[in-house]
Amino acid sequence: MAEDIEENHIVQLKEELDDDYVNDDLYNISSWGADFSFRELIMMYEDGDLVKPELQRKYVWGKPEASRFIDSVLLGLPIPSVFFAKTEDGKMLIIDGYQRLMTINDYVRGLWSEDNKVFKLSNIAEKINDRWRGLAFSELHEAEKRKIKTTTIHAIIFEQKKPTDSDTSLYQIFERINTSGRTLMPQEIRNCVYQGNFNSLLFQLNTNKSWRKLFGQEVEDSRMRDLEYILRFFALDFVYNEGSSKSNISLKKYLNEFMGSKANNSTKNIQEFSDAFNSTIAIIERLLGENAFYNIQSTDLSTIRKRFYPTLFDSIMIATNYAMKKGFNVSNVNESKRLRLLKDDKFRKYISEGTMQVEHIRGRINLALKYLYDIDNE
């Protein structure tokens with residue numbers, strides 16, 4: 001049996017965590033350098049031509065750190081390069097450098113985004129030059145204001161040439177060069193790279209009260225793992241219903257490609273995704289309750305292991321969604337049927353070993369259909 005890893009209340013399989021891939025598409029990109037003044041970048045941001053990742057909802061920097069950066073600009077000290085990605089619609093997505101750019105933007109416009117109050121530089125003596133300590137942008141001398149606006153920063157710009165229907169190269173670039181101070185989780189990167197209607201839908205669905213209860217966390221996960229599991233449901237549902245030409249898939253790569261392909265889905269398609277998730281999670285909560293996605297102990301098959309189990313989640317969700325779409329009666333499902341499913345040796349293998357083998361994906365969903373809904377789909 002594959003090794004289980006518990007983090008918070010989630011059981012993850014090491015083989016899925018270790019899933020990595022080298023994408024040949026990484027070489028189908030071009031990059032170039034350009035120098036922008038802060039005046040230009042502020043205008044681009046205000047016009048919507050420079051786009052921040054949705055991940056960056058607020059500053060990581062505190063006021064002293066932001067003030068220190070303004071101080072460095074006024075002193076004429078070197079500023080590290082920023083990284084942008086050119087999107088299909090010609091906009092620039094900020095891959096790295098968001099804190100620096102938003103600090104300048106906030107200071108020049110006069111308001112600190114964190115509290116929407118006047119942005120005055122810190123008064124910390126050992127960190128800020130006494131010439132502008134405690135001053136707002138409007139209180140600087142004209143030459144100092146001009147210094148900030150005309151200071152240039154070097155940008156390295158990436159553009160993916162092909163394939164045009166997927167941004168997996170952009171994902172890997174973000175993964176490799178991001179210097180935000182912490183290693184980003186896969187879904188945090190997807191949230192930055194694949195912005196659009198589908199990404200917004202994931203955030204909306206993540207607030208579903210039934211989902212929050214069955215996931216086991218009232219508060220949304222700060223590392224976006226809950227968002228990834230919703231994405232996983234949609235993506236593996238597609239594998240089950242539409243098939244795959246591969247015998248084994250890379251979960252990370254497949255989720256990247258799936259999310260990229262759905263990023264700007266039409267309102268109609270988004271509504272179909274929304275209805276499928278909401279109706280499925282509602283019926284599971286009502287009939288199976290809060291243990292729905294919890295497995296049983298491997299050493300004691302009569303004891304529930306109160307940890308969210310991803311492969312159990314995807315098998316029950318996809319089976320239930322399938323049964324509902326095909327018009328089968330799902331009202332007879334209950335906990336005793338679920339426990340019989342969890343004790344099936346073949347099912348236990350399918351949810352713990354080779355979990356991204358297409359045969360095992362289909363196998364665990366088919367067994368869920370059989371035990372829970374008396375549907376033989378093998």
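Each remark here, short or long, concerns the structure printed above.
Scope of this entry: the structure provided in the associated data block. (Residues numbered from 1 in each chain as written. Predicted model: local features only at pLDDT ≥ 70, side-chain atom pairs only at ≥ 80, totals over all residues. Heavy atoms only, no water.)

1. Some remarks on the pairing of strand β9 (residues 152–160)
Now for step 1: Two strands pair when backbone bridges link them, and strand β3 (residues 29–37) and β9 are joined in this way by nine bridges, in the antiparallel orientation. When the bridges of β9 are listed, Ser30 appears paired with Glu159.
Now for step 2: Two elements, strand β5 (residues 82–86) and β9, share four bridges in a ladder whose sense is parallel. By the bridge assignment, Phe84 is partnered in β9 with Ile157. (Pairing = 2+ DSSP bridges. Helix = DSSP H or I, 4+ residues; strand = E, 2+ residues; numbered from the N terminus.)

2. Topic: the sheet that holds strand β4 (residues 50–51)
The strands making up a sheet are joined through hydrogen bonds of the backbone, oriented either antiparallel or parallel.
Now for step 1: Here five strands make up an open sheet; going across it, the order is β3-β9-β5-β6-β4 and the pairing mixed. In this open sheet, the two strands that pair with only one neighbour each are β3 and β4.
Now for step 2: With two bridges joining them, β4 and strand β6 (residues 92–96) adopt parallel strand pairing. When the sheet's bridge partners are listed, Leu50 is paired in β6 with Met92.
Now for step 3: Each of β4, β5, β6 and β9 touches helix α4 (residues 98–109); the most contacted strand, β6, lies at about 115 degrees to it. (Contact = heavy atoms within 4.5 Å. Axes fitted to C-alpha atoms, helices over the stretch in contact; angles between N-to-C directions.)

3. A closer look at helix α2 (residues 38–46)
Now for step 1: Along α2, the positions that sit buried rather than exposed are Phe38, Leu41, Ile42 and Met44. One side of α2 holds all its buried residues, which, seen down the axis, span an arc of 160 degrees.
Now for step 2: Looking one or two places after α2, you find Gly48, whose phi comes out positive at around 85 degrees. (Buried < 20%, exposed > 50% of the residue type's maximum accessible area, 1.4 Å probe, protein only. Arc of directions from axis to C-beta.)

4. Structural notes on the packing of aromatic side chains
Now for step 1: Tallying each qualifying case throughout the model produces 25 aromatic pairs.
Now for step 2: Summarising the aromatic geometry, the rings of Phe83 and Phe158 are spaced 6.1 Å apart at their centres and angled 15 degrees between planes, so their arrangement reads as stacked. Remark: Phe158 occurs in strand β9 and Phe83 occurs in strand β5; sequence separation between them is 75 residues.
Now for step 3: Here Phe215 and Phe308 contribute two aromatic rings whose centre-to-centre distance is 5.0 Å and whose plane-to-plane angle is 65 degrees, an arrangement assigned as edge-to-face. (Phe/Tyr/Trp six-rings, centres within 6.5 Å; stacked < 30°, edge-to-face > 60°.)

5. Quick word on the environment of His360
Now for step 1: Of note, His360 is situated in helix α16 (residues 358–373).
Now for step 2: Given the relative accessible area of 7%, His360 is considered buried.
Now for step 3: Here the alpha-carbon distance between His360 and Asn248, two residues 112 residues apart in the chain, equals 9.3 Å.
Now for step 4: Excluding residues within four positions of it along the chain, His360 makes contact with Lys349, Tyr350, Glu353 and Gly354.

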